[in-house]
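Here is what each chain is made of, one letter per residue.
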Amino acid sequence: MEVKTIEWLGDKVRWLNTMLLPHEEVYVESDDYERLAVAIERMEIRGAPAIGVAAAFGIALAARKFSGNNLDEFKTYISKVISRFSRTRPTAVNLFWALDRIKKLVDNYLGSVEGLKEVIVNEAIRIYNEDLEVNKRIGLNGLRLIEDGDVVLTHCNAGALATAGYGTALSIIRAAWYSGKKIKVIATETRPVLQGARLTVWELSKEGIPVKLITDNMVGYVMSKGLVDKVIVGADRILTSGHVINKIGTYTIAVVADRHKIPFYVAAPTSTIDTKTVVDDVVIEERDPNEVRYVLGKVLITLPNVEVMNPAFDITPPELVSAVITEVGIAEKPINENLRKLLTNTPT
Ligand code: MRU
């Protein structure tokens, strides 16, 4: 397997600080759940599924450290830890999905503190292992959409670095490549945090998958020149209406792809599907303005106090989405109806 983005080591968690890539490959180890929460906020760990796994591991770390044998006190403590993780980043639904899974087990548990600690740790490890399995299946399901020789454009990083492993959009690209299809990838740089330039390029190059980098504002030109056959992106949240919330810039790419009749695919696990929220209630994370004023906190590229907007995600309406590829199948148009069908056939 390519790269271990995050790992449970039994008494601590190890993760790759993705903010330092591609120049430095630094792994961090900690047994402190607060350090893990901060790692999510600072985007050392990022990408919807990876955030969910990190939060689950964080709660497992917190559980292991609790001393005492009063079950009510333990449950109160765990609910505070869950609440801490729920405030790290607001948009990726996988975070809340993972927190809910653990919360339900905690609420229904009636045994000893030690027993509940074991239940929490095992559930966190299960969430990690399931993510690996699910991502592999997304890749295999999406394989039939990719033809030999395709040039596939992807945005941000929906790869191993955004998940427990393999990735979502990049899992399909990997599956196509390893099945012998000679594809090429175009990665958008993805301002302002540069996940495309720093992470997607690094991840694909490590495996010898051909990748070409463009700036975000080149998408229209390369599509108009017929240089892109398909788009595959990941998602932070998909509503049952078919709206796709993903990295800022995704919507622009979808509009231009539609203009040029280029299929626009979204790859995501069913844990990214939000069955509860309507589009107007989705919280789009607004990040630190200095991410826009500076390049990666280092080079000031504008006036230091200029007002800026920095929404981290945007919303692509279902009419621009050709299909959503999940681990349980592909939802084609009409996306909303077909997503619902996929979910009804999925065991919970
Ligand atoms: O702000 P980020 O880097 O966490 O945003 C990540 C994305 O938008 C990804 O496309 C999405 O989480 C899917 S990752 C498999």
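As the structure is a prediction and not an experimental result, all values here were calculated from the model.

### Re the domain arrangement of the protein
Next, step 1: For the protein, the assigned domains are domain 1 (6-136) and domain 2 (140-344).
Next, step 2: For domain 1 versus domain 2, the separation of C-alpha centres amounts to 25 Å.
Next, step 3: Note on domain 1 versus domain 2: buried area summed over both sides is about 2,800 Å², and carbon and sulfur give 56% of it.
Next, step 4: Where domain 1 packs against domain 2, one counts two salt bridges.
Next, step 5: For the pair domain 1 and domain 2, the number of links is 19 residue pairs in polar contact (both at pLDDT 80 or more).
Next, step 6: Every element with two or more residues in the side of domain 1 that touches domain 2 is listed here: α2 (48-65), α4 (93-108) and α5 (113-142).
Next, step 7: It is α5 that contributes the most residues to the side of domain 1 that touches domain 2, six residues altogether.

### Digging into the nonpolar core
Next, step 1: I6, F57, I59, F85 and I120 are the most contacted members of the largest nonpolar core, which has 47 residues in total.
Next, step 2: The set of elements that each furnish at least two residues to this core consists of β1 (6-8), β2 (13-16), α1 (33-41), α2, α3 (71-86), α4 and α5.
Next, step 3: Per-element accounting of this core gives the leading share, 13 residues, to α2.
Next, step 4: Excluding residues that lie within four positions of it along the chain, I120 makes contacts with I59, A60, A63, F74, I78, I102 and V106.

### Points about the sheet that holds strand β14 (residues 313-316)
Next, step 1: Strand order in the open sheet made by the four strands is β11-β8-β9-β14, with mixed pairing throughout. Two strands in the sheet have a free side with no partner beyond their single neighbour: β11 (273-274) and β14.
Next, step 2: Bridge analysis of strand β8 (residues 237-239) against strand β9 (residues 244-247) gives two bridges, and the strand direction is antiparallel. Residue pairing across strands places I238 opposite V244, the latter belonging to β9.
Next, step 3: Strands in contact with helix α9 (residues 250-259) are β9 and β14; relative to β14, the strand with the most contacts, it is inclined by about 35°.

### Here's the deal with the packing of aromatic side chains
Next, step 1: Throughout the structure, instances matching the rule amount to six aromatic pairs.
Next, step 2: Between F66 and F74 the ring centres are 4.8 Å apart and the planes differ by 45°, which places this aromatic pair in the tilted class.
Next, step 3: By relative accessible area, which is 0% here, F74 ends up buried.
Next, step 4: Where F66 meets Y77, the ring centres are 5.2 Å apart and the plane angle is 35°; that geometry is what we call tilted. Taken together, the residues F66 in the loop between α2 and α3 and Y77 in helix α3 connect sequence positions 11 residues apart.
Next, step 5: Residue classification places Y77 among the partly exposed residues on the basis of a relative accessible area of 24%.
Next, step 6: Through pairs of rings, three or more aromatic residues link up here, namely W8, F57 and Y128.
Next, step 7: Over the ring of F313 we find K247; its NZ or CZ atom is 4.4 Å from the centre of that ring.

Rules and cut-offs
- Residues numbered from 1 in each chain as written.
- Predicted model: local features only at pLDDT ≥ 70, side-chain atom pairs only at ≥ 80, totals over all residues.
- Heavy atoms only, no water.
- Domains from an automatic or database assignment.
- Buried area = accessible area lost by both parts, 1.4 Å probe.
- Salt bridge = Lys/Arg side-chain N within 4 Å of Asp/Glu carboxyl O.
- Polar contact = N/O pair within 3.5 Å; in protein donor to acceptor, adjacent residues only side chain to side chain.
- Helix = DSSP H or I, 4+ residues; strand = E, 2+ residues; numbered from the N terminus.
- Core = buried A, V, L, I, M, F, W, Y, C linked by side-chain atoms within 4.5 Å.
- Buried < 20%, exposed > 50% of the residue type's maximum accessible area, 1.4 Å probe, protein only.
- Contact = heavy atoms within 4.5 Å.
- Pairing = 2+ DSSP bridges.
- Axes fitted to C-alpha atoms, helices over the stretch in contact; angles between N-to-C directions.
- Phe/Tyr/Trp six-rings, centres within 6.5 Å; stacked < 30°, edge-to-face > 60°.
- Lys NZ or Arg CZ within 6 Å of the ring centre and 35° of its normal.

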